[in-house]
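Structural features, examined
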Amino acid sequence: MDKTQQSHLLIEDLSVARGERILLGGISLRLSSGQIAEVTGPNGVGKSTLLRAIAGFFPVRSGRMSWVESEAADSAPLAERLHYIGHLDGLKSALTARENLEIGLRFLGRDRRTPLQALDRMELAHVLDLPVGYLSAGQRRRVALARLLIVDRPLWLLDEPLTALDRHACALLKAIVAGHLGSGGLTLAATHEPLGLPGTIQVRLGTR
Amino acid sequence: MTRILLVIFVRDLMLARRIGGGGILGLVFFLSLVTVVPFAIGPDLRLLSRIGPAILWIAALLASLLGLDRLFQADQEDGSLDQMFLSPAPLELIVLVKCMAHWFVTGLPLVMLSPLFGLMLDLDGPALRSVAATLLVGTPTFTLLGAIGAALTVTLRRGGLLLSILVVPLAVPVLIFGVSAAQSATISFLTPFLVLCALGLASIALAPIAAAAALRTAGE
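Counting restarts for each chain: residues are numbered from 1 in the order of the written sequence. The order in which chains are written sets their letters, starting at A; the order in which ligands are written sets their numbers, starting at 1. A pLDDT threshold of at least 70 governs which residues receive local features in this predicted model, and a stricter bar of 80 or more applies before side-chain atom pairs are shown or counted, although totals over entire chains, interfaces and linings include all residues. In computing side-chain values, all of the structure's heavy atoms are included and hydrogens and water are not.

Things to note about the domain arrangement of chain A
Residue and element names in this part refer to chain A. Boundaries between domains were set according to an automatic or database domain assignment. Once the domains are mapped, chain A shows domain 1 (1-81 + 154-208) and domain 2 (93-152). If you average the C-alpha positions of domain 1 and of domain 2, the two centres end up 22 Å apart. On the domain 2 side, the residues contacting the 19 residues of domain 1 number twelve residues. The term buried area means the drop in 1.4 Å probe accessible area that two parts suffer when joined, counted for both and summed. By the criterion of area lost to domain 2, the three top residues of domain 1 are Trp156, Leu172 and Ile176, representing 34% of everything that side buries. Whenever Lys or Arg places a side-chain nitrogen within 4 Å of a carboxyl oxygen from Asp or Glu, that contact is recorded as a salt bridge. Inspection of the domain 1/domain 2 interface yields zero salt bridges. Contacts described as polar in this section are N or O atom pairs within 3.5 Å, which, within protein, must combine one atom able to donate a hydrogen with one able to accept it, while residues neighboring in sequence count only if both atoms come from side chains. Linking domain 1 with domain 2 are three residue pairs in polar contact (both at pLDDT 80 or more). Helical segments are the DSSP runs of H or I of at least four residues, strand segments are the runs of E of at least two, and each set is numbered from the N terminus. Within the residue set of the side of domain 1 that touches domain 2, elements represented by two or more residues are strand 6 (155-159) and helix 5 (167-182). Contact definition: two residues touch when any of their heavy atoms are within 4.5 Å.

Here it is in structure tokens:
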């Protein structure tokens, strides 16, 4: 990613509803290149819903959400500028880690690293040709997170990224996120355990 | 974009091969239905050869419905569907490609083996040909129509029953024209066959749009 390129995610008074029930209301957020925001709050308050709404999986009831890039020539929709790693890892148990990542790479387009390089960064190169179904929960998680590295997308939406990761892998992920921010990326994470990166914007979802 | 669609096609074929079941299950179901019907009807060869095409068509419809509930559900359960939303390729085309892959695994073997099964129902040469030709057009239509039901029931864990209820009425016109083309091999094959082709083309154009719309609202 080009360091000079500035990207902004602007959310104004966003609300999300399922049928008649308002799930989230009045969310405002401004996130620019190099910044990370952490969404915190008790279980069931709508952290995942917020992330899924930003990813476009969930229709927005009202409010505005916009994505601004300095190089306006490339006006790809927001869905093509973001990575979403949720509770479900999007990996096929019957396929190997390499096959899963190759599919992810082709799916999302514009590859930066090979599956081997990405897994190597996650310190998981030894499972490259194992079916994902044989891996532990933490290893699966790391394979899913390796998807962040194979395709370059500026906005990362991470839903509980530290789940199932051991202490070492947590540190590894923090370093990777820091590197992403350093190269002009944006990160929005829903998490109970703070990633502890400097300059984190806190988004607290509390009493509705 | 063609590259993305090709990857989805290859991926679904790979998964079908690794996990297995889907295609063979439909084929075994087809075979058992065709084997059982002559026993139920009794030793009347003329009756059997007269209703043979209809039996093959009903068997093909039911066999097509068998694996359809997993068409999108498998991807929904493990989060792959979310990744598809983030792909630059339009969801409609992804749906179409997934249907093609599904038909390749489940429908095509039925079509290829239908002459063999037709022999068991005492069909003659022209009838075998017309049954195979109509099934070649009809089974992908069933898959596409079924995709609408599969997309609507994607979040339901036991959606198979609801899927059948949703899809069978849509499949009835296909069945009517398919069977009438297959049965009247000598008299007027062309007219019902062309209507069948039209239904197939219409479902290629419309079913992916409907199924993609259903998948988008499934996230809600």
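Description of the layout of surface pockets
Residue and element names in this part refer to chain B. Looking at the largest pocket, its volume works out to about 760 Å³. Using only the protein atoms, space was sampled on a 1 Å grid; points where a 1.4 Å probe fits but cannot get out form cavities, open sets with protein on both sides within 12 Å along at least five of seven lines form pockets, and lining residues are those with an atom within 4 Å of a point. Lining the largest pocket are 30 residues; nearest its centre among them are Asp12, Leu15, Ala16, Ile19 and Arg70. Among the secondary structure elements, those contributing two or more residues to the lining of the largest pocket are helix 1 (2-19), helix 2 (22-41), helix 4 (70-77) and helix 6 (91-120). In terms of residue count, helix 1 provides more of the lining of the largest pocket than any other element does, seven residues in total. In the lining of the largest pocket, the residues fall into 13 nonpolar, eight polar and nine charged. Grid points are joined across faces, edges and corners, and a volume is the space filled by probe spheres set on the points. Any residue outside Ala, Val, Leu, Ile, Met, Phe, Trp, Tyr, Cys, Pro, Asp, Glu, Lys and Arg is labelled polar, Gly included; the first ten of those are nonpolar and the last four are charged.

Section: the environment of B:Met1
All names here are of chain B. Considering the arrangement of structural elements, one finds Met1 in the segment before helix 1. Relative accessibility thresholds used throughout: buried, under 20% of the residue-type maximum; exposed, over 50%; partly exposed, between the two (1.4 Å probe, protein chains only). Overall, the relative accessible area of 52% leaves Met1 in the exposed class. In sequence terms Met1 and Ser32 are 31 residues apart; their C-alpha atoms lie 41 Å from each other. With residues up to four places along the chain from it excluded, the contact list for Met1 reads Ala89, Pro90 and Leu93.

Regarding the environment of B:Ile55
All names here are of chain B. With respect to the element layout, Ile55 can be found in helix 3 (residues 45-66). A relative accessible area of 9% means that Ile55 is categorised as buried. Spatially, the C-alpha atoms of Ile55 and Val10 are 33 Å apart, while their sequence positions differ by 45 residues.

Points about the packing of aromatic side chains
Stacked, tilted and edge-to-face are the three classes assigned to paired rings of Phe, Tyr and Trp, where Trp is represented by its six-membered ring and a pair needs centres within 6.5 Å; plane angles under 30 degrees give stacked, over 60 edge-to-face, the rest tilted. According to the stated counting rule, one finds six aromatic pairs over all chains in the structure shown. For the ring pair A:Phe57 and A:Tyr84, a centre distance of 5.1 Å and an interplane angle of 90° mean the geometry is edge-to-face. With A:Phe57 in the loop between helix 1 (47-55) and strand 4 (62-69) and A:Tyr84 in strand 5 (residues 82-85), this pair connects stretches of sequence that are 27 residues apart. Look at A:Phe57 and you get buried, because its relative accessible area is 3%. Taking 5.8 Å as the distance between ring centres and 70° as the angle between the ring planes, the aromatic pair formed by B:Phe9 and B:Phe104 counts as edge-to-face. Of this pair, B:Phe9 sits in helix 1 while B:Phe104 sits in helix 6, placing them 95 residues apart in sequence. Given a relative accessible area of 18%, B:Phe9 falls into the buried group. Given a relative accessible area of 41%, B:Phe104 falls into the partly exposed group. Here a set of aromatic residues connected by ring pairs shows up, and it is made of A:Phe57, A:Tyr84 and B:Phe85.

Looking at the pattern of salt bridges
One pass over the full model with this rule turns up 13 salt bridges over all chains. Residue A:Arg98 is joined to A:Asp129 by a salt bridge in which the shortest nitrogen-to-oxygen separation is 3.0 Å. Residue A:Arg98 is located in helix 2 (residues 97-108), and its partner A:Asp129 is located in the loop between helix 3 (115-121) and helix 4 (137-150); the two are separated by 31 residues in the primary sequence. Note on A:Arg98: relative accessible area 31%, which makes it partly exposed. For B:Arg216, the salt bridge is made with B:Glu92, and the minimal N-O distance between the two is 3.4 Å. Linking B:Arg216 in helix 9 (residues 190-218) with B:Glu92 in helix 6, this pair joins segments that are 124 residues apart in sequence. Assessed through its relative accessible area of 23%, B:Glu92 is described here as partly exposed.

Comments concerning the interface of chain B and chain A
Tallying the contact residues gives 26 residues for chain B and 28 residues for chain A. Here chain B meets chain A over a buried area of about 2,400 Å², counting both sides, of which 60% is carbon and sulfur. At the junction of chain B and chain A, the tally comes to four salt bridges. With a shortest N-O distance of 2.6 Å, B:Asp75 and A:Lys92 are connected by a salt bridge. At the junction of chain B with chain A, the criterion picks out nine residue pairs in polar contact (both at pLDDT 80 or more).

A few points about helix 1 of chain B
The first and last C-alpha atoms of helix 1 of chain B sit 26 Å apart over 18 residues, in line with the 26 Å expected at 1.5 Å per residue. Listing the buried residues of helix 1 of chain B in full gives B:Ile4, B:Leu5, B:Val7, B:Ile8, B:Phe9, B:Arg11, B:Asp12, B:Met14 and B:Leu15. Here the buried face of helix 1 of chain B lies against helix 2 of chain A together with helix 4, helix 5 (80-85) and helix 6 of chain B. Downstream of helix 1 of chain B by one or two residues, B:Gly20 has phi in the positive range, about 70°. Helices are assigned an expected span. That span is 1.5 Å times one less than the residue count.

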